[in-house]
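For reference, the chains in residue letters:
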Amino acid sequence: MGEAIETLATETLAIATLAVDIGGSGIKVMVLDHQGNPLSERDRIDTPAVPTPEAVLEILQQLAAGKTFDRVSVGFPGVVRRGVTETAANLHPDWIGFDLAGALIQQLGKPVRVANDADIQGLGAVAGEGVELVITLGTGIGAAMFLNGRLIPNLELGHHPFRKGETYEEQLGRAALDEIGKRRWNNRLERAVDLLERIFNYDSLYLGGGNTKKIDFVLPVNVKIVPNVTGLLGGIALWKD
Ligand code: BGC
């Protein structure tokens, strides 16, 4: 019996997860051990110009080739329910109603779990205490909310009104940053942080995503920037049940 438990524990420790982050500009993968330590380099290929499910699956095939892993976690930039992608504002309409988990199980022959990208980023970032909000600043604007470490999935704050009749994503997404430049984008972000604090009264806010490197104002003490790799590390937490 003791021996059996030991073997089981050693097997769990040896489990390798292929963590995938499908983004509006790049698709990233890395193999992680059970604690989220990297077992491979972080590889990235540009998101295809026409990012249909077929085109993205083809890239995932390339990124997975030559890597050894037992299971797959995928962060997807839209609403995900039971492995099916329900929205994809910055990808392609063909994703609506697409069984991404099912397609990847067939393609890679391993168990697959898929969740919203901001939810995964949050799982990798939060401390598990009180109300924690996560906002990701990339091509789109992602959001995730936690109470004592428990996720409320698919919080689509990015598509809700922020100011001047525009959504958070229209005002703060990558297209807006390119259009208005860093100084105005920072001013907008500072207003957004102030507004979000008044709406959600969070204990901590985490800002993630590639555009956090453009932030140049002093953040309140309860707001932290999390590194981009968190978007992959959270993939381990998807299997904690
Ligand atoms: C999507 C979200 C996603 C975010 C960041 C938004 O356009 O609606 O689901 O988390 O972009 O990728």
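Calculation notes
Residues numbered from 1 in each chain as written. Predicted model: local features only at pLDDT ≥ 70, side-chain atom pairs only at ≥ 80, totals over all residues. Heavy atoms only, no water. Axes fitted to C-alpha atoms, helices over the stretch in contact; angles between N-to-C directions. Helix = DSSP H or I, 4+ residues; strand = E, 2+ residues; numbered from the N terminus. Parallel < 35°, antiparallel > 145°, perpendicular 65-115°, else oblique. Left-handed = near helix turned anticlockwise from the far one by under 90°. Contact = heavy atoms within 4.5 Å. Near = heavy atom within 4 Å. Polar contact = N/O pair within 3.5 Å; in protein donor to acceptor, adjacent residues only side chain to side chain. Nonpolar A, V, L, I, M, F, W, Y, C, P; charged D, E, K, R; others polar. Domains from an automatic or database assignment. Buried area = accessible area lost by both parts, 1.4 Å probe. Salt bridge = Lys/Arg side-chain N within 4 Å of Asp/Glu carboxyl O. Pairing = 2+ DSSP bridges. Buried < 20%, exposed > 50% of the residue type's maximum accessible area, 1.4 Å probe, protein only. Phe/Tyr/Trp six-rings, centres within 6.5 Å; stacked < 30°, edge-to-face > 60°.

Enquirer: Quick one: what's the story with the packing of helix α2 (residues 53–64) against helix α3 (residues 100–108), residue by residue and with numbers?
Expert: At their nearest, the axes of α2 and α3 sit 11 Å apart, and the two run at 45° to each other. By the criterion of interaxial angle, the relationship of α2 to α3 is oblique. Where α2 crosses over α3, the two elements pack in a sense that is right-handed. Residues Leu57, Leu60, Gln61 and Ala64 of α2 pack against Leu100, Ala103, Leu104, Gln107 and Leu108 of α3.

Enquirer: Go over the site of the ligand, please, and point to the residues and values.
Expert: The local shell around the ligand consists of Pro77, Gly78, Ala89, Asn90, Asn116, Asp117, Gly140, Ile141, Gly142, Glu156, His159 and Glu169. Here an oxygen atom of the ligand sits 2.5 Å away from a polar atom, N or O, in the side chain of Glu156. Between the ligand and Glu169 there is a distance of 2.7 Å, counted from an oxygen atom to a side-chain nitrogen or oxygen. When the residues that make up the shell around the ligand are grouped by side-chain class, the tally is three nonpolar, six polar and three charged. Structurally, the shell around the ligand is a two-domain feature, drawing no fewer than three residues from each of domain 1 (2–116) and domain 2 (120–231).

Enquirer: How would you sum up the domain arrangement of the protein chain? Please name residues and give values.
Expert: Splitting the protein chain by domain gives domain 1 (2–116) and domain 2 (120–231). Once you take the C-alpha centre of each, domain 1 and domain 2 turn out to be 23 Å apart. Each partner contributes residues to the interface: domain 1 has 13 residues there, and domain 2 has eleven residues. Contact between domain 1 and domain 2 buries roughly 950 Å² in total, counting both sides, with carbon and sulfur atoms accounting for 49%. Interface area lost by domain 1 to domain 2 is led by Val79, Asn90 and Asn116, which between them contribute 41%. The interface formed by domain 1 and domain 2 includes zero salt bridges. At the boundary of domain 1 and domain 2, one finds three residue pairs in polar contact (both at pLDDT 80 or more).

Enquirer: Which residues make up the sheet that holds strand β6 (residues 84–85), and what values do they have?
Expert: Strands sit in the order β5-β6-β7 across an open sheet of three strands; the sheet is antiparallel. The open sheet has two edge strands, β5 (80–81) and β7 (98–99), and neither has a second partner.

Enquirer: Describe in detail unusual backbone geometry, supporting the description with residues and values.
Expert: Of all residues except glycine, most have a negative phi; of all peptide bonds, most are trans. Here Lys164, not a glycine, exhibits a phi torsion of approximately 50°, which is positive. As for its position among the elements, Lys164 is in the loop between β12 (161–163) and β13 (166–167). On the basis of relative accessible area, Lys164 is assigned to the exposed category, the value being 71%. A positive phi is found at Asn201, a non-glycine position, where the angle reads about 45°. Relative to the helices and strands, Asn201 resides in the loop between α6 (174–200) and β14 (204–208). Owing to a relative accessible area of 56%, Asn201 belongs among the exposed residues under this scheme.

Enquirer: Which residues make up the packing of aromatic side chains, and what are the values?
Expert: Counting across every chain of the model gives three aromatic pairs. Aromatic pair Trp95 and Phe98: ring centres 5.4 Å apart, planes at 85°, arrangement edge-to-face. Trp95 sits in the buried class, given a relative accessible area of 0%. What makes Phe98 buried here is its relative accessible area of 17%.

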